[in-house]
Protein chains: 2
Amino acid sequence: MDKQLTALETVFKALADSTRLRILALLTTGEVCVCNVHDTLRIPQPKASRHLAYLRRAGLVETRRDGLWIHYRLAKRSNPVVAAVEEAVREALAESPAIRRDLERLKKQTGCEPAAPDNTLPIIQLTARHTRA
Amino acid sequence: MDKQLTALETVFKALADSTRLRILALLTTGEVCVCNVHDTLRIPQPKASRHLAYLRRAGLVETRRDGLWIHYRLAKRSNPVVAAVEEAVREALAESPAIRRDLERLKKQTGCEPAAPDNTLPIIQLTARHTRA
DNA sequence: TCCATATATTCCCGTTGACAAATATAGCAC
DNA sequence: GTGCTATATTTGTCAACGGGAATATATGGA
């Protein structure tokens, strides 16, 4: 199995879980910390952490520590074809009512919204967005 | 979990296996029967059959019986966002050396090649293509 | 009917992954 | 140091999945 095929398989395994899809939808709005993920999606903290770790192992997200908080963001894609898949996913996710509700809750908590659909690069937002500080 | 989200999860689960990705790449050339799948991919027949069944359960492929042979083809996508994902996948698959080799072998056996990249509809090819008759 | 071919399914086994609950680690404030 | 908060990891359990090998089913032909 060559690198291209392995890379695709890895990406699709990472996408093959609804919790991770919801997390990725949140991340299209910019950086999000773990507390906002588990508050917004209403899932237990260990569950958020576990899926975020999975996404990081798969290379789809990157982290930045800021004191107590760890901010997750979409990783810059090295593989252009993978990027195309992700762009299609991003548009598809916007169609899900569950994800719309997640994004509404995130907006209430942090004031952040998804970027314009044609903006394919992850938005790196350096202002802190957690609401628990 | 709503319908959109469930649909995406189902599709990604189906795509999250390299054997199935290779099969889907074959199917971009049109209808293929099981014998051509397992000959071309050089995998045991039960393995080909099992993964084809998985793809059918997931709604990604459809079948047509023709005597002893069962021809598989890509299903027409009802969901446009899923179709966009699949189109991105189609282009990504063309980058894999393993898949290029699979397609070469298929071409040797049946004379069929992938369609033009901008042809997003599955090609329904009604001529028999198996080489064992 | 019997045989041959194409395809599907079953059985067994090992691995992965998802979950909840509990526990551990890391950084900050005091 | 002690506490407090945010995050990560471990534990145990369970279901899903992948693989090979063997077997079953279905169709067509002599």
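My aim in this report is to walk through the structure given alongside it, one point at a time.

Each value, and the rule that gives it
Residues numbered from 1 in each chain as written. Chains lettered and ligands numbered in written order. Predicted model: local features only at pLDDT ≥ 70, side-chain atom pairs only at ≥ 80, totals over all residues. Heavy atoms only, no water. Helix = DSSP H or I, 4+ residues; strand = E, 2+ residues; numbered from the N terminus. Buried < 20%, exposed > 50% of the residue type's maximum accessible area, 1.4 Å probe, protein only. Contact = heavy atoms within 4.5 Å. Areas by Shrake-Rupley, 256 points an atom, 1.4 Å probe, with all protein chains shown as cover. Polar contact = N/O pair within 3.5 Å; in protein donor to acceptor, adjacent residues only side chain to side chain. Least-squares fit on C-alpha atoms with pLDDT ≥ 70 in both. Axes fitted to C-alpha atoms, helices over the stretch in contact; angles between N-to-C directions. Parallel < 35°, antiparallel > 145°, perpendicular 65-115°, else oblique. Nonpolar A, V, L, I, M, F, W, Y, C, P; charged D, E, K, R; others polar. Near = heavy atom within 4 Å. Phe/Tyr/Trp six-rings, centres within 6.5 Å; stacked < 30°, edge-to-face > 60°. Lys NZ or Arg CZ within 6 Å of the ring centre and 35° of its normal.

A look at the overall build of chain A
Here is step 1 of the chain: When helices and strands are counted, chain A shows six helices and three strands.
Here is step 2 of the chain: The helix and strand sequence of chain A, counted from the amino end, reads α-α-β-α-α-β-β-α-α.
Here is step 3 of the chain: Residue burial in chain A is summarised as follows: out of 133 residues, 51% are buried.
Here is step 4 of the chain: For chain A, contacts bridging at least 24 residues in sequence account for 65% of all contacts bridging at least 6.
Here is step 5 of the chain: As presented, chain A carries roughly 6400 Å² of accessible surface, and 53% of it is formed by carbon and sulfur atoms.

Description of the side chain of Arg73 of chain B
Residue and element names in this part refer to chain B.
Here is step 1 of the chain: Along the polypeptide, Arg73 turns up in strand 3 (residues 69-74).
Here is step 2 of the chain: Overall, Arg73 belongs to the buried group, its relative accessible area being 15%.
Here is step 3 of the chain: Separated by 3.3 Å, the side chains of Arg73 and Glu31 make a polar contact.

Topic: the relation of the copies chain A and chain B
Both copies of the chain are related by one operation, a rotation about an axis with a shift along it.
Here is step 1 of the chain: Between chain A and chain B, which share one sequence, the superposing operator has a rotation angle of 180° and an axial displacement of 0.0 Å; the RMSD is 0.0 Å. In the structure described here, the two chain copies are related by an operation that fits a two-fold rotation axis.
Here is step 2 of the chain: Comparing interface residues between copies, 100% of those in chain A also lie at the interface in chain B; the contact surface is shared.

Focus on the packing of helix 2 (residues 18-27) of chain B against helix 4 (residues 45-57) of chain B
Residues and elements named next belong to chain B.
Here is step 1 of the chain: Between helix 2 and helix 4, the least distance of the axes is 10 Å, while the angle of their chain directions is 80°. Taken together, the axis directions place helix 2 and helix 4 in an arrangement best described as roughly perpendicular. Where helix 2 abuts helix 4, its residues Thr19, Arg20, Ile23 and Leu24 lie against Lys47, Ala48, His51, Leu52, Tyr54 and Leu55.
Here is step 2 of the chain: The residue inventory of the contact of helix 2 with helix 4, partitioned by class, reads six nonpolar, two polar and two charged.

Description of the environment of Leu106 of chain A
Residue and element names in this part refer to chain A.
Here is step 1 of the chain: Summarising the element assignment, Leu106 is placed in helix 6 (residues 97-110).
Here is step 2 of the chain: Judged by its relative accessible area of 0%, Leu106 falls in the buried class.
Here is step 3 of the chain: When the C-alpha atoms of Leu106 and Val37 are compared, they prove to be 8.4 Å apart, with 69 residues separating the residues in sequence.

Some words on the protein's contact with DNA strand C
Here is step 1 of the chain: Around DNA strand C, the surrounding shell holds 22 residues, and the nearest of these are Arg20 and His51 of chain A together with Cys35, Gln45 and Tyr72 of chain B.
Here is step 2 of the chain: Restricting the count to atoms of DNA strand C within 4 Å of the protein gives a sugar and phosphate share of 67%.
Here is step 3 of the chain: Between DNA strand C and Lys47 of chain A there is a distance of 3.3 Å, counted from a phosphate oxygen to a side-chain nitrogen or oxygen.
Here is step 4 of the chain: One of the side-chain nitrogen or oxygen atoms of Gln45 of chain B is found 2.7 Å away from a base nitrogen of DNA strand C.
Here is step 5 of the chain: The element contributing the most residues to the surface near DNA strand C is helix 4 (residues 45-57) of chain A, with five residues.
Here is step 6 of the chain: Within the surface near DNA strand C, the residues separate by chemical class into twelve nonpolar, four polar and six charged.

Regarding the packing of aromatic side chains
Here is step 1 of the chain: Here the structure, examined in full by the defined rule, presents one aromatic pair over all chains.
Here is step 2 of the chain: Measuring from centroid to centroid gives 5.9 Å for Phe12 of chain A and Phe12 of chain B, while their planes differ by 20°, and the two rings are stacked. Of the two residues, Phe12 of chain A sits in helix 1 (residues 3-15) while Phe12 of chain B sits in helix 1 (residues 3-15), which places them in two different chains.
Here is step 3 of the chain: Classification of Phe12 of chain B as buried rests on a relative accessible area of 0%.
Here is step 4 of the chain: The ring of Tyr54 of chain A has Arg20 of chain A sitting right over it, with the charged end atom 3.8 Å from the ring centre.

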